[in-house]
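Examination of the molecular architecture
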Amino acid sequence: MEKIDIKSLTIQELEEILIQWNQPKFRAKQIFDWLHKKRVLSFSEMTNLPEKLREILQSECQITVLNMQNKLVSKIDGTVKYLYQLSDKECVESVLMKYRHGNSICISTQVGCKMGCAFCASTKAGFVRNLTTSEILQQIYQTEQDLSLRISHVVLMGIGEPLDNYHNVVTFLQLIHSPFGANISLRNISLSTCGVVDKINQLAELKLGITLSVSLHASSDQVRSQLMPINQKWNIEQLLKACKYYTNMTGRRISFEYALIQGENDSIKAANQLADLLKGQLCHVNLIPVNEVHETTFQKTNRNHIYQFQKALEQRGINATIRRTLGADINAACGQLRRDSIYSNSK
């Protein structure tokens, strides 16, 4: 029988299990503290629990641990990229970035991705499965332990589409924000989506207050459908309607991600079309030089033209910034380290 993934449980779910075992509910907070604050790796370390309860936990539950398969450290800016191996030997990536305002981590939510965006390395090796809540959490916990630092900001923008793993991601948000655990402010958490409209609406209704980053990458349905297959299910109009609903429900500004691809979506005409689309939306546009992936012919827009694109948006009243590139010497963009690992193991 498969053991209970105890690190994926909320305090309320722990209480329900303890009642089934004829154990007092107050033990739930003690167990939660051991898992999410002290972060022990075995039930025997939970020394304030009765021996009988520790034996039950050992018999019925498991504590998720990841195996660090690879670690790259940028000599340029100190960015650290991890390849973490899961219990089934699959791998995901996490990237630790150091800023003046604190330490930020970009984490994965799936093994691979099924969204099929044409320019993305994460989707090239195919989709395998969703990460469990504990596997998402553990990327943060083990990175903090390895580097002996405190992470204050979290970005769900690694491998996978977070809203395609909706239940586990929402549970992760509850656990990472818990005052009995890591207690990271939800306002310091960003979730990036390629545009899963029905889940954006559901997330809006939870009113969690996280920042929603939406991968737009085009100013017309024709171009976006070529770059992002999800646009064939939910077009730009439907996506922007969901974004406005999210803003109305949460009061939070949307961050639109726009990867500039030379000759595809980077014309000044496209910038003006984008400004027309976003008029009246509480938003910010994050311009990103596209990551060049071996399996595609897409090339980065040159820096001068990116500035021109930015200026065209700002002249139309749209706030736009250019994303700072971190970890350039270690290929810190998501999906590349996992893909290289798969390729090496297949030889």
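Preceding this paragraph is the structure being described.
The sections below set out a description of the structure shown in this document.

Here is what the cut-offs are and how they apply
Residues numbered from 1 in each chain as written. Predicted model: local features only at pLDDT ≥ 70, side-chain atom pairs only at ≥ 80, totals over all residues. Heavy atoms only, no water. Helix = DSSP H or I, 4+ residues; strand = E, 2+ residues; numbered from the N terminus. Buried < 20%, exposed > 50% of the residue type's maximum accessible area, 1.4 Å probe, protein only. Contact = heavy atoms within 4.5 Å. Areas by Shrake-Rupley, 256 points an atom, 1.4 Å probe, with all protein chains shown as cover. Lys, Arg positive; Asp, Glu negative; His and termini not counted. Charge placed at Lys NZ, Arg CZ, Asp CG, Glu CD. Phe/Tyr/Trp six-rings, centres within 6.5 Å; stacked < 30°, edge-to-face > 60°. Lys NZ or Arg CZ within 6 Å of the ring centre and 35° of its normal. Disulfide = S-S within 2.5 Å. Pairing = 2+ DSSP bridges. Right-handed = clockwise from strand over helix to strand, strands pointing away. Salt bridge = Lys/Arg side-chain N within 4 Å of Asp/Glu carboxyl O. Polar contact = N/O pair within 3.5 Å; in protein donor to acceptor, adjacent residues only side chain to side chain. Axes fitted to C-alpha atoms, helices over the stretch in contact; angles between N-to-C directions. Parallel < 35°, antiparallel > 145°, perpendicular 65-115°, else oblique. Nonpolar A, V, L, I, M, F, W, Y, C, P; charged D, E, K, R; others polar. Arc of directions from axis to C-beta.

Helices and strands together make up the secondary structure of the protein, namely 11 helices and 14 strands. Overall, the C-alpha framework of the protein stretches about 70 × 50 × 40 Å when taken along its three principal axes. Burial analysis of the protein (347 residues in total) assigns 56% to the buried set. Nonlocal contacts in the protein, meaning residues at least 24 apart in sequence, comprise 66% of its contacts between residues at least 6 apart. In the form shown here, the protein has an accessible surface area of approximately 15900 Å², with 47% of it arising from carbon and sulfur atoms. The distance from the centre of the 40 positive side-chain charges to the centre of the 32 negative ones in the protein is 6 Å.

Let's shift gears to the packing of aromatic side chains. Counting across every chain of the model gives 2 aromatic pairs. Ring plane angle 5 degrees and centroid distance 5.2 Å describe the contact between Tyr82 and Tyr84, whose orientation is recorded as stacked. Like Tyr84, Tyr82 is buried. Judged by centre distance (5.2 Å) and plane angle (35 degrees), the rings of Tyr258 and Phe309 are tilted. A residue pair is termed long-range when its members are at least 10 positions apart, and Tyr258 in strand 12 (residues 254-260) and Phe309 in helix 10 (residues 303-315) qualify at 51 residues. Note on accessibility: Tyr258 and Phe309 belong to one class, buried. The ring of Phe127 has Lys114 sitting right over it, with the charged end atom 4.4 Å from the ring centre. The aromatic ring of Tyr166 is capped on one face by Lys199, whose charged end is 5.9 Å from the ring centroid.

What follows is about the state of the cysteines. On inspection of all chains with the given rule, the structure shows 0 disulfides. The closest cysteine sulfur to the non-disulfide-bonded Cys113 is located on Cys120, 6.2 Å from its own sulfur. You can see Cys194 has no disulfide; the closest cysteine sulfur is in Cys117, sitting 5.1 Å from it.

Turning to the pairing of strand 10 (residues 189-193), a few remarks are in order. For a regular strand, side chains alternate in direction, first toward one face of the sheet and then toward the other. In terms of residue burial, strand 10 counts as a mostly covered element, since 5 of its 5 residues are buried. Every second residue of strand 10 is oriented toward a common face, with Ile189, Leu191 and Thr193 on one face and Ser190 and Ser192 on the other, all of them buried. Pairing of strand 9 (residues 151-156) with strand 10 involves 3 bridges; the strand directions are parallel. Directly across from Val154, in strand 10, lies its bridge partner Ile189. Once you follow strand 9 into helix 5 (residues 166-177) and on to strand 10, the crossover reads as right-handed. When strand 10 meets strand 11 (residues 211-215), the two strands line up parallel, connected through 4 bridges. Residue pairing in the sheet places Leu191 in a bridge with Leu212 of strand 11. Taken together, strand 10, helix 6 (residues 197-206) and strand 11 form a β-α-β motif whose crossover is right-handed.

Attention now moves to the pattern of salt bridges. Throughout the structure, instances matching the rule amount to 10 salt bridges. Notably, a salt bridge pairs Lys71 with Asp146, separated by 2.8 Å at the nearest N-O pair. Taken as a pair, Lys71 in strand 3 (residues 67-73) and Asp146 in helix 4 (residues 133-147) lie far apart in primary sequence, 75 residues in all. Its relative accessible area of 32% is what places Lys71 among the partly exposed residues. For the salt bridge of Asp164 with Lys114, the shortest nitrogen-to-oxygen distance reads 3.3 Å. Highlighted residues: Asp164 in the loop between strand 9 and helix 5 and Lys114 in the loop between strand 7 (110-111) and strand 8 (129-130), separated in sequence by 50 residues. When salt bridges that share partners are traced, they join Asp88, Arg129 and Glu135 into one network.

A word on the side chain of Gln139. Mapped onto the elements of the fold, Gln139 is located in helix 4. Within the local environment of Gln139, its side chain forms a polar contact with the backbone oxygen of Glu135, the two atoms lying 3.3 Å apart.

The axes of two packed helices give the description: the angle between them and the distance between them. Where helix 6 meets helix 8 (residues 236-250), the axes come as close as 8 Å, and the angle between the chain directions of the two elements is 5 degrees. Here helix 6 lies roughly parallel to helix 8, going by the angle between them. Each of Val197, Ile200, Asn201, Leu203, Ala204 and Glu205 in helix 6 lies in contact with helix 8, whose residues at this interface are Gln238, Leu239, Ala242, Tyr245, Tyr246, Met249 and Thr250. Residue classes in the contact of helix 6 with helix 8 are distributed as 9 nonpolar, 3 polar and 1 charged.

Further remarks concern the sheet that holds strand 6 (residues 102-107). Backbone hydrogen bonds hold the strands of a sheet together, and the pairing may be parallel or antiparallel. Across the sheet, which stays open at both edges, the 10 strands sit in the order 3-4-5-6-9-10-11-12-13-14 with mixed pairing between neighbours. On the outer flanks of this sheet lie strand 3 and strand 14 (320-322), each paired with one strand and no other. Across the sheet, the mean angle separating the axes of adjacent strands is 20 degrees when strand polarity is ignored. Two strands pair when backbone bridges link them, and strand 4 (residues 80-85) and strand 5 (residues 91-99) are joined in this way by 6 bridges, in the antiparallel orientation. Its bridge partner lying in strand 5, Lys81 is registered against Val95.

Moving on, we get to helix 3 (residues 51-60). Within the span of helix 3, buried status applies to Leu53, Ile56 and Leu57. Along the long axis of helix 3, the arc covered by the buried residues comes to 100 degrees, so they all point the same way. Seen from the buried face of helix 3, the exposed residues on the opposite side, beyond 90 degrees, are Glu51 and Lys52. Each element contacted by the buried residues of helix 3 is listed here: helix 1 (11-20), helix 2 (27-36) and strand 2 (61-62).

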